[in-house]
Amino acid sequence: MDKVTRQEAAVHRCIDKKLSYIQLDNAFVLPSKDLWKDGKCFGGVVSSEGDFIESSAWHEGKRCDKYSFDERKAIERDETVIYMGFWNPCWGHAITDNLKKLWFLNTPDYVNLLKEGAKLIYLTIDNRQLPTNIHRIFQLANVDIDSFELISCLSRFKRIIIPDNSFIADNGQRYFTREYTEAIQIIKQHAEVQIVDYPEKLYFTRTRLQNNRDIGEKYIERVFRQKGYTIIAPEQHPVDTQIQMLMHCRTFASTEGSISHNCVFCNPETDVVILRKCNDVNKYQMAMNEVSDANVTYIDCHHSTRTPQNAPWLGPFFLHNNECLRRWSGSSSLSVPLVFNPSWWHYCLLGTNWYRRVVNKVLKIASMK
């Protein structure tokens, strides 16, 4: 069980960088295609000379790239556009990667471009529409994305403006600039108060999700409930309410991943407990810890043996009340051998290919009803 101090995170995560933008003439916008083919996310902006613009990708790095395309099939558009990013419908990325170009909308350059008739465009993973909760995050950031255009066809524009990123991926790590933290503060300031009594000890759970891959979390819930935490399924509450709860709690806990990124809305000095559900270190979370200026404790409470090494975020994950969690909680109860835990056998089945196919098929059929 390790404690990550703010001083340790600050050395590596917050960078002093003057943000600017690049301007490209007759450049192409490539919508999302062949997601994760060869382990990559394809799509972004390509210059007229055929160079892929890394800052236009979902995030910088080797996992993002352009794909082959026929220039003659591009839709020709005699317009100047401002490229606002390659957005992901996943909640964790909505409050990290999706916000990284918003700083540009508060600059004189943007005002001048808008007067000249420039339009705002963006891409999304698999060209999907963004859910309402992500629309609300943008609204709280003073941005009306209904006025933006989602580009879903290969297009060539007269001129493309690409702002720098305020949330940056570099060599597997995540960094941020002052402009990113300002966007988070704006969101917090605009979240409307919708509840009177806020829980001081808050636990965000994933157990109510239909496609949950965190096996055994219901047993983790019991531990935190006994410690006086209020168990909340965030997806069952409006975005504003979630943020207000996070801003008013004294301590916040969750498993590691998108749900723990919510600590970015906690106030400074909040005690944050993050339950690690595999051996992979979530680099996004390290950055979120520093943005929140929280006191963060990590607890290993997993036995996830079936997560793929090249993509550990896919799961499945197995969580249980192990020695680390019992030591943190002060519990004197004995550990139940995994062989007697029904969730362990569920997890073992979930790790097999045939079981995954059956579950995915059932979920797909259910979503069509």
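Once that is clear, we can look at the overall build of the chain. Looking only at helices and strands, the chain features 11 helices and 18 strands. When each of the 369 residues of the chain is scored for burial, the buried share is 53%. For the chain, the exposed surface amounts to about 18,000 Å²; the carbon and sulfur share of it is 49%.

The next subject is the packing of aromatic side chains. A full pass over the atoms with the stated rule returns 15 aromatic pairs. Between F224 and Y229, the ring centres sit 5.0 Å apart and the planes meet at 85 degrees, which makes this aromatic pair edge-to-face. Each member of the pair, F224 as well as Y229, carries the same accessibility label: buried. In this structure an aromatic cluster arises from ring pairing among Y21, W103, F104 and Y110. In this arrangement the basic side chain of R174 is found over the ring face of Y284, its NZ or CZ atom lying 4.3 Å from the centre. The aromatic ring of W328 is capped on one face by K227, whose charged end is 5.3 Å from the ring centroid.

Two strands pair when backbone bridges link them, and strand 2 (residues 21-37) and strand 9 (residues 155-163) are joined in this way by 8 bridges, in the antiparallel orientation. Within strand 9, the residue paired with I22 across the bridge is I162.

Two quantities define a packed helix pair, namely the angle between the axes and the distance from one axis to the other. Two numbers describe how helix 4 (residues 132-140) lies on helix 7 (residues 239-248): the axes approach to 9 Å, and their chain directions differ by 65 degrees. Contacts from N133, R136, I137 and L140 in helix 4 reach V239, D240 and I243 in helix 7. Of the residues in the contact of helix 4 with helix 7, the class split is 4 nonpolar, 1 polar and 2 charged.

Glancing now at the packing of helix 4 against helix 5 (residues 178-190). At a minimum axis separation of 8 Å, helix 4 and helix 5 run at an interaxial angle of 100 degrees. When the axes of helix 4 and helix 5 are compared, the pair comes out roughly perpendicular. Residues R136, I137 and L140 of helix 4 touch helix 5, and the partners they reach there are I186, I187 and H190. Of the residues that constitute the contact of helix 4 with helix 5, the class distribution is 4 nonpolar, 1 polar and 1 charged.

Our focus in this paragraph is the pattern of salt bridges. Per the stated rule, a full pass over the model turns up 20 salt bridges. For E200, the salt bridge goes to R250, with nearest N and O atoms at 3.4 Å. Of this pair, E200 sits in the loop between helix 5 and strand 12 (201-204) while R250 sits in the loop between helix 7 and strand 15 (251-255), and the two are 50 residues apart along the sequence. Taking relative accessible area as the criterion, E200 reaches 48% and is therefore assigned partly exposed. Classification of R250 as partly exposed rests on a relative accessible area of 45%.

A few words on unusual backbone geometry. In the Ramachandran plot, D126 falls in the positive-phi region, its phi being about 60 degrees despite a non-glycine side chain. Within the secondary structure, D126 sits in the loop between strand 7 (119-124) and helix 4. A residue is classified by how much of its surface remains accessible, and D126, at 40% relative accessible area, is partly exposed. The residue D293 is not glycine, and still its phi comes out positive at about 60 degrees. The exposure class assigned to D293 is partly exposed, which follows from its relative accessible area of 29%.

Attention now moves to helix 4. Taken as a whole, helix 4 has its buried residues at I134, I137, F138 and L140. Projected down its long axis, helix 4 shows its buried positions confined to an angular sector of 165 degrees, all on one face. Elements in contact with the buried residues of helix 4: strand 6 (75-87), helix 2 (91-94), helix 5 and helix 7. A positive backbone phi angle near 70 degrees is found at N142, which sits one or two residues after helix 4.

Here we come to the confidence of the model for the chain. Per-residue confidence for the chain gives a mean pLDDT of 88; residues scoring 70 or more make up 88%. Note that pLDDT drops below 50 for residues 1-11; the model gives that stretch 20 contacts with residues more than four away or on any other chain. This model gives residues 363-369 a pLDDT under 50, and the stretch forms 3 contacts once residues within four places in sequence are excluded.

This next bit is on the side chain of R13. Secondary-structure assignment places R13 in helix 1 (residues 6-13). Of the polar contacts made by the side chain of R13, one reaches the side chain of Q173; its length is 2.8 Å. In this structure the side chain of R13 is engaged in a polar contact, spanning 3.5 Å, whose partner is the backbone oxygen of R174. Beyond its immediate stretch of four places on either side in the chain, R13 contacts Q173, R174, Y175, F176, K283, M286, A287 and E290.

What counts, and at which threshold
- Residues numbered from 1 in each chain as written.
- Predicted model: local features only at pLDDT ≥ 70, side-chain atom pairs only at ≥ 80, totals over all residues.
- Heavy atoms only, no water.
- Helix = DSSP H or I, 4+ residues; strand = E, 2+ residues; numbered from the N terminus.
- Buried < 20%, exposed > 50% of the residue type's maximum accessible area, 1.4 Å probe, protein only.
- Areas by Shrake-Rupley, 256 points an atom, 1.4 Å probe, with all protein chains shown as cover.
- Phe/Tyr/Trp six-rings, centres within 6.5 Å; stacked < 30°, edge-to-face > 60°.
- Lys NZ or Arg CZ within 6 Å of the ring centre and 35° of its normal.
- Pairing = 2+ DSSP bridges.
- Axes fitted to C-alpha atoms, helices over the stretch in contact; angles between N-to-C directions.
- Contact = heavy atoms within 4.5 Å.
- Nonpolar A, V, L, I, M, F, W, Y, C, P; charged D, E, K, R; others polar.
- Parallel < 35°, antiparallel > 145°, perpendicular 65-115°, else oblique.
- Salt bridge = Lys/Arg side-chain N within 4 Å of Asp/Glu carboxyl O.
- Arc of directions from axis to C-beta.
- pLDDT = per-residue confidence, 0-100.
- Polar contact = N/O pair within 3.5 Å; in protein donor to acceptor, adjacent residues only side chain to side chain.

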